[in-house]
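The lines below spell out each chain.
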Amino acid sequence: MMAMVEEKGSANGEEDYTQDGTVDLKGRPVLRSKTGRWKACSFIVAYEVFERMAFYGIASNLVVYLTEKLHEGTVESSNNISNLSGAVWMMPLAGAYIADAYLGRYRTFVIASGIYFLGMCLLTLAVSLPSLKPPQCAEGIADNNCPKASPLQKGVFFLALYIIAVGTGGTKPNISTMGADQFDEFEPKERSYKLSFFNWWFFSIFLGTLFSNTFLIYIQDNVGWAVGYGLPTAGLGISILVFLVGTPLYRHKLPSGSPLTRMLQVYVAAIRKWKSCIPENPKELHELNMEDYDCKGRNRIDHSSSLRFLDKAAIKTDETSTWMLCTVTQVEETKRMTKMIPILITTIVPSTLIVQATTLFIKQGITLNKSMGPHFDIPPACLTAFITIFMLISIVVYDRVFVPLIRRYTKNPRGITMLQRLGIGLVLHVIIMITACLAERKRLSVARENRLFGPHDTLPLTIFILLPQFALAGVADNFVEIAKMEIFYDQAPEGMKSLGTAYFTTSLGLGSFLSTFLLTAIANISQRNGHKGWILNNLNISRLDYYYVFMAVLSFLNFLFFLVVAKFFVYNVDVTQNKYGLEMIIPSSQDNGRIGQSTPQPDAKS
C-alpha cells in the first residue's frame, strides 16, 4: 500500500519548485504550478496524435504500394517492410544516446522532427511525380511480367523512407520520455497521474493511428497516393508547430553524460578486477558524497545485492581511472539497465508478430470478398483499424474497470505488476497465431472447393473472417506494448530514461529483423526437394497455416522463457527524496522481486 504524504507547498513563503531535478530550457529551476502536468502534456500528446497519423498513414498500407505500384512479390515486399521497420525501431538507440549525453531530449527531438518532415516531403514527391513511379501493369499481364521500378525510382522511394527512419530515431525515444518527465515523482498527486500516463498516452496516439488506418487508407486506395501521402505530411508539419507552441510549459531533464559509456566503464572495470574480492560491507565500495550528486541534479543510488559481479567495478584500488574505478551509483545504474535485457529479449518474438503477421493478414485480405454493400469495398489495410479500435476499448476498460477492481485485492496501485501485464499479452500472442491458423485453413478450403487457385482470384469468403485475429492483436497490444513501455521507463535510472525508452523500440527493431530472417528462411526451406513452399506470391496455393503454427509454437516457447526471466527479476525499491527529507513509498506487489510475491527486494534508490 502506498504511504501517501501531504503535498509540500511553500512553507515559508518560498516558491513551490519541482523536486525531481527538472529545469527550463536555460537550466533554471521551474515552478510546479506553471509548468508540466497534463497542461504541458496536452501539447506533447497532440503532436503524437498527428505524428502517429503520419507514420501509420505510410506504414499501414505500404505493403499494398510495394505490391501493386512497385510490383514486388510477397516475400520481397514483406522483407522490405520488416527491414524498414527494423531501422525505424533501432535508430532510437542513437537518438537516446544523443539526448542523454549531449543535447537533451527537447533539442534532440526538435532537430530530428525536422529531418522526419523532410523525409515525408520527399516520399510524397516520390508517389506524386510520374517520373518517379513505374508504369501501371496492363490488365491481364502476369505479375512477374509487369514493368519493374527503375533503380532511380526505387532509390528515391526508399531513400525517403530511411530519412524518415533517421528522423523517428530522434523523436520516438524522447517524446514519450518528455511526456513522463512532466510529472514530478516527489509530489504525490503528480505521481498518481504518472502511474496512468502510459495508458492514456497510448490511448491518445492510437486515435491518430485509427484515423490513418481508416480515412487515409481509403484515400490512398480510392483517390490517389499523392493525396494519401500529402495529408499525413501536412499533419506532421502541423504537429511540430503544436509541439513548439507548448515550449514555455515543458519541464526538462539535463543531459547527464553518455549512458552507454558509463555502462561500458562498469563492465570493463569489473572484468579487469575479476579476481578481486568484494568487501562484505558495501560502504567500503567507492562512492561520492550526497552533495556531489545534488550539485549535478542527480540522485545517489544505494547498493543492491543483485548482479554482484558488477560490484567489483567499485572496489577501491590504487587505480583511479574511470575505466578502473566506478561509483556505487554508476554500478547500480548499470545493474538496472542490464537486468532489463532479458525482458527485452522476451519481447522480440511478439514484436516479430506485430510486424510480420499484420503484413501477411493484409495480403490474405486482398484475396477475400471485400464488399460491404453494393457500392463499397473495404480496403484490406483498413482491417488494421480494428487493432486500434480494440486497443482503445481495452485500454479504457483496463484503466477504468479492471485496475480499480483488482487493486482491492492486490493493493497494487497499478492493479497487477508490469510483468504480469506483459505475461498476459504474451499468452494472447499464442492465441492470435492459433486463430490466424484456423482462419487461413478455412480460406484455403474455400479456394479448393471453388477451384480458385489464380493469384488474382477473389474467394467467396468475407474479409471479416480475419476480424478475430485483428481484434485479439489490439487487446494484446494493450498488455504487451504498454507494459514494455512502463517497465523500460520505470525501471531505468533517472539519467538513462531515454535509453530505457529506446529498449522499447529496440525490441521492435530486433523483432523486425528476426521477421525478415524467419520469413526468408522458411520460404526457402519449405520449397526444397520439389515442395511448393509455404509462402508464395500466390497466397491461394500457399500454406500460411503451417507458418502460423510455427509462429504459435515459437510464441509459446518464448512465453516459457519469459516465466523463467520473470521469476528472477527484481524490481527497484521506490524511495522518494525531496528537499524536506527522505520519504519512502512503501512498495506494494508492483515492487516485488517475483511475480505474485509481495516482499520488496533490497534494490533501493535514495
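In what follows, the structure referred to is the one given above.
The present account deals with the structure reproduced in this document. (Residues numbered from 1 in each chain as written. Predicted model: local features only at pLDDT ≥ 70, side-chain atom pairs only at ≥ 80, totals over all residues. Heavy atoms only, no water.)

Section: the environment of Glu 190
Spelled out, the test is: Strands here are runs of E lasting at least two residues and helices are runs of H or I lasting at least four, both read from the DSSP assignment and numbered beginning at the N terminus. The cut-offs for exposure are 20% and 50% of the maximum accessible area for each residue type, with area from a 1.4 Å probe on protein chains only; residues under the lower value are buried, those over the upper are exposed, and the others partly exposed. Whether two residues are in contact is decided by their heavy atoms: any pair within 4.5 Å suffices.
Structurally, Glu 190 can be placed in helix H6 (residues 188-222). A relative accessible area of 0% means that Glu 190 is categorised as buried. With 154 residues separating them in the primary sequence, Glu 190 and Gly 36 have C-alpha atoms 9.6 Å apart. Dropping the residues within four chain positions of it, Glu 190 is found in contact with Arg 32, Arg 37, Gln 182, Phe 183, Asp 184 and Arg 251.

Focus: helix H10 (residues 328-338)
Here H10 lies mainly inside the structure; 11 of its 11 residues are buried. For H10, every residue scored as buried is listed here: Val 328, Thr 329, Gln 330, Val 331, Glu 332, Glu 333, Thr 334, Lys 335, Arg 336, Met 337 and Thr 338. On its buried face, H10 sits against helix H8 (259-272), helix H9 (290-294), helix H11 (341-346) and helix H16 (497-525).

Digging into unusual backbone geometry
Look at Arg 37: it is not a glycine, yet its phi comes out positive at around 55°. Mapped onto the secondary structure, Arg 37 falls in helix H1 (residues 37-59). Look at Arg 37 and you get partly exposed, because its relative accessible area is 25%.

With respect to the nonpolar core
Put simply, the rule reads: We call a set of buried residues a nonpolar core when its members are Ala, Val, Leu, Ile, Met, Phe, Trp, Tyr or Cys and they connect through side-chain atoms within 4.5 Å of each other.
In terms of nonpolar packing, the biggest core is built from 125 residues, with Phe 157 and Phe 202 touching the most fellow members. In this structure, Val 266, Ala 270, Leu 285 and Val 331 belong to the second largest nonpolar core, which totals 11 residues.

Structural notes on the packing of aromatic side chains
Inclusion rule: Within 6.5 Å between ring centres, the rings of Phe, Tyr and Trp (the latter by its six-membered ring) count as paired, and their orientation is classed by plane angle as stacked under 30 degrees, edge-to-face over 60, tilted in between. A ring is scored as having a charge over it whenever the NZ atom of a lysine or the CZ atom of an arginine sits within 6 Å of its centre and within 35 degrees of its normal.
Applying the stated criterion across every chain, the model contains 27 aromatic pairs. Ring centres of Tyr 65 and Tyr 229 lie 6.4 Å apart, and the angle between their planes is 35°; on these two criteria the pair is classed as tilted. Of this pair, Tyr 65 sits in helix H2 (residues 62-68) while Tyr 229 is found in helix H7 (residues 225-245), placing the two residues 164 residues apart along the sequence. Assessed through its relative accessible area of 0%, Tyr 229 is described here as buried. Taking the centre distance of 6.4 Å and the plane angle of 50° together, the rings of Tyr 547 and Tyr 548 count as tilted. For Tyr 547, a relative accessible area of 0% corresponds to the buried category. For Tyr 548, a relative accessible area of 1% gives the class buried. Each residue in the set Tyr 47, Tyr 106, Phe 109, Phe 243 and Tyr 250 is aromatic and connected to the rest through ring pairs, giving one cluster. The ring of Tyr 546 has Arg 543 sitting right over it, with the charged end atom 4.2 Å from the ring centre.

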